[in-house]
Amino acid sequence: MRGFFPHWLELDRADNVAKDEQTFPDYDDRLLSDLRTSLFLFLDDTVWNNEKSDYRQLLLADYLYLDQRLAKIYGFKAPAAPAGFQRVPVDPERRSGIITHPFLLTTLAYHNSTSPIHRGVFLTRNILGMSLKSPPMANKFEPSQFDPSLTMREKVADMTRSKACMACHVTINPLGFSLEHYDGIGRWQLQDHNKPINAKSPFKTASGDTIQLRGARDVATLAADHPLAHRAFIQQLFHHTVKQPALAYGPQTMARLEKQFADSGYNIRTLLKNIAIIA
């Protein structure tokens, strides 16, 4: 699992993370290292220290592992002594499992701002399990091309407004905008360029229903409850552990694993066992 999670969450992005010192003076290599430790303490706790080992808690958990320095930077009450990482409760309206973990949000952002496109693509493919076509032509985001008074949401909406772009960005943008309350190092923010953050968007699910996303918690709830997200998680875990697609073990393999996963209460340890039995 320590090998799977970096693959699933694309944590290799952290190898190239750099932040503007004036915009994020608290950011340094130590902060990134501590955030990585925080994330893996959370992942280990969810999978191994909890009897339920519930996949849904990866997305819905209302706590973080923080030490005193991280708590101060991210605006949480510092853990009591002794020093070190401790489980800290968070407001479920502001934090929701891995989706809002500062390490992930830091890697899915530009050096001096957020990045709704990077965050939206990640949520689409890795968390919700929805497919995206490769763009016919890649457009590089150039901040200098926009009025500096615009919010990041306004810039992205303008950049992707063409019909060709919106074929994919009708999915990407609402998901990315749902995380606009988190700045480039994952801190909660209420304003962008002195304008209130707008994290709300209508979103068309893979089932064809249109729902209103109000923020990260709504995305997490959608993924926790949606069979397509469950299937994507199973497929990725199967392929990572077995080094073969599930289909190689028969056309009914995925249906069998999906039913077992649901019957177990979405227990990750049980899923691992069932994958081992099949392979």
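Predicted model, so just to flag it, every value in this text is computed and none were measured. (Residues numbered from 1 in each chain as written. Predicted model: local features only at pLDDT ≥ 70, side-chain atom pairs only at ≥ 80, totals over all residues. Heavy atoms only, no water.)

1. Points about the packing of helix α7 (residues 152–159) against helix α8 (residues 163–177)
Here is step 1 of the chain: Put simply, α7 and α8 touch, their axes get as near as 10 Å, and they point 170 degrees apart. Between α7 and α8, the crossing angle belongs to the class labelled roughly antiparallel. Residues Arg-153, Val-156, Ala-157 and Met-159 of α7 pack against Cys-165, Asn-173 and Phe-177 of α8.
Here is step 2 of the chain: Among the residues forming the contact of α7 with α8, the class breakdown is five nonpolar, one polar and one charged. (Axes fitted to C-alpha atoms, helices over the stretch in contact; angles between N-to-C directions. Helix = DSSP H or I, 4+ residues; strand = E, 2+ residues; numbered from the N terminus. Parallel < 35°, antiparallel > 145°, perpendicular 65-115°, else oblique. Contact = heavy atoms within 4.5 Å. Nonpolar A, V, L, I, M, F, W, Y, C, P; charged D, E, K, R; others polar.)

2. Considering the state of the cysteines
Here is step 1 of the chain: Tallying each qualifying case throughout the model produces zero disulfides.
Here is step 2 of the chain: Free cysteine: Cys-165, not disulfide-bonded; nearest cysteine sulfur from Cys-168 at 9.1 Å.
Here is step 3 of the chain: For Cys-165, a relative accessible area of 17% gives the class buried. (Disulfide = S-S within 2.5 Å. Buried < 20%, exposed > 50% of the residue type's maximum accessible area, 1.4 Å probe, protein only.)

3. Some thoughts on the pattern of salt bridges
Here is step 1 of the chain: Applying the stated rule across the entire model yields 14 salt bridges.
Here is step 2 of the chain: Linking Arg-87 and Asp-45 is a salt bridge whose minimum nitrogen-to-oxygen distance equals 3.3 Å. Residue Arg-87 is located in strand β2 (residues 86–89), and its partner Asp-45 is located in helix α2 (residues 29–48); the two are separated by 42 residues in the primary sequence.
Here is step 3 of the chain: Residue classification places Asp-45 among the buried residues on the basis of a relative accessible area of 9%.
Here is step 4 of the chain: One salt bridge connects Arg-161 with Asp-158, and the closest N-O pair in it is separated by 2.6 Å. (Salt bridge = Lys/Arg side-chain N within 4 Å of Asp/Glu carboxyl O.)

4. Let's talk about the side chain of Thr-171
Here is step 1 of the chain: Checked against the element boundaries, Thr-171 lands in helix α8.
Here is step 2 of the chain: Residue classification places Thr-171 among the buried residues on the basis of a relative accessible area of 13%.
Here is step 3 of the chain: Residue contacts for Thr-171: discarding those within four places in its chain leaves Thr-124, Met-130 and Phe-203.

5. So, α2
Here is step 1 of the chain: Relative to the 28 Å expected for 20 residues at 1.5 Å per residue, α2 spans 28 Å between its end C-alpha atoms, a close match to the ideal helical length.
Here is step 2 of the chain: Among the residues of α2, those classed as buried are Leu-31, Leu-32, Asp-34, Leu-35, Ser-38, Leu-39, Phe-40, Phe-42, Leu-43, Asp-45, Thr-46 and Val-47.
Here is step 3 of the chain: Near the N-terminus of α2, the side chain that reaches the backbone nitrogen of Arg-30, with its oxygen 3.2 Å away, is that of Asp-28. (Expected span 1.5 Å × (residues − 1). Polar contact = N/O pair within 3.5 Å; in protein donor to acceptor, adjacent residues only side chain to side chain.)

6. A word on the side chain of Gln-189
Here is step 1 of the chain: Summarising the element assignment, Gln-189 is placed in the loop between α8 and β3 (191–192).
Here is step 2 of the chain: Its relative accessible area of 18% is what places Gln-189 among the buried residues.
Here is step 3 of the chain: If sequence neighbours within four positions are ignored, Gln-189 has contacts with Thr-114, Glu-180, His-181, Tyr-182, Asp-183 and Ile-197.

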